[in-house]
Amino acid sequence: MRNRPIQFLVAAALPIVVLLVAQWFDATQLQHYRDAETTSFPGSAATLFYGLAAAHILTPAAVLALALAGWWSQSAVIGAAYVVVGGLIAFSPALNWAFATGVNGTPIASLFSEIFFDTAQGLTAAVSTIGGAMFLVGLALIARRLRDGRGRTAMVVRPTSTADRL
């Protein structure tokens, strides 16, 4: 028996946790390590390098976890949410540029600039990478649901009686 609500909740909550942790580590911790490295003696660069290595390992791990959770959910709603949220995060530089130059001072421009400047502060751009992966996973989930829906309608077997065959 499938546990659909748990699958849905895991796929919905995991991106929130992953994005918050990635933002914290990338924009706060790594920035602190970089600032400490530039203001102190050169031996402290090792902390920055270990932090960067951890970020380069944890970012693909987060992408893989999101992909597995999304695929496990088998939900078009989760796919649509991943497309919208991941698209906003991944395309935030382009959206910020388009809206900031076109209609300066509107709420939508300030929304995109806040998303862009809050996520673009990290050294490795982990949040943007995870956002791009969420966008692609969402597209794959929607395509899967569309493919499964067509497969089910094509495989419908009509009940026939022996009288119809004669």
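One structure accompanies this document, and this report is about it. (Residues numbered from 1 in each chain as written. Predicted model: local features only at pLDDT ≥ 70, side-chain atom pairs only at ≥ 80, totals over all residues. Heavy atoms only, no water.)

**Looking at helix 3 (residues 76–90)**
- With 15 residues, helix 3 should reach 21 Å at 1.5 Å per residue; the first-to-last C-alpha distance of 20 Å fits that figure.
- The complete set of buried residues in helix 3 reads Ile 78, Gly 79, Tyr 82, Val 83, Gly 86, Gly 87 and Ile 89. Down the axis of helix 3, the buried set is contained in an arc of 155°. They therefore lie on one face. Facing away from the buried side of helix 3 by more than 90 degrees, the exposed set consists of Val 77 and Val 84.
- You can read the cap of helix 3 off the contacts: a side-chain oxygen lies 3.2 Å from the backbone nitrogen of Val 77, and it is on Ser 75. (Helix = DSSP H or I, 4+ residues; strand = E, 2+ residues; numbered from the N terminus. Expected span 1.5 Å × (residues − 1). Buried < 20%, exposed > 50% of the residue type's maximum accessible area, 1.4 Å probe, protein only. Arc of directions from axis to C-beta. Polar contact = N/O pair within 3.5 Å; in protein donor to acceptor, adjacent residues only side chain to side chain.)

**Here we look at the packing of aromatic side chains**
- Within the structure shown, the criterion is met by two aromatic pairs.
- Taking the centre distance of 6.3 Å and the plane angle of 50° together, the rings of Trp 24 and Phe 25 count as tilted.
- Taking the centre distance of 5.4 Å and the plane angle of 90° together, the rings of Phe 91 and Phe 135 count as edge-to-face. Note that Phe 91 is positioned in the loop between helix 3 and helix 4 (92–102) and Phe 135 in helix 6 (residues 126–154), a separation of 44 residues in sequence.
- Exposure remark for Phe 91: the relative accessible area of 42% places this residue in the partly exposed category.
- Directly above the ring of Trp 71 sits Arg 144, whose terminal nitrogen or CZ lies 4.1 Å from the centroid. (Phe/Tyr/Trp six-rings, centres within 6.5 Å; stacked < 30°, edge-to-face > 60°. Lys NZ or Arg CZ within 6 Å of the ring centre and 35° of its normal.)

**Side note on helix 2 (residues 45–73)**
- Relative to the 42 Å expected for 29 residues at 1.5 Å per residue, helix 2 spans 42 Å between its end C-alpha atoms, a close match to the ideal helical length.
- Buried residues of helix 2: Ala 45, Leu 48, Gly 51, Ala 55, Thr 59, Ala 62, Leu 66, Ala 69, Gly 70 and Ser 73, and no others.
- Gln 74 occupies a position one or two residues after helix 2 and carries a positive phi of about 50°.

Shape is all these values report; function is a separate question.
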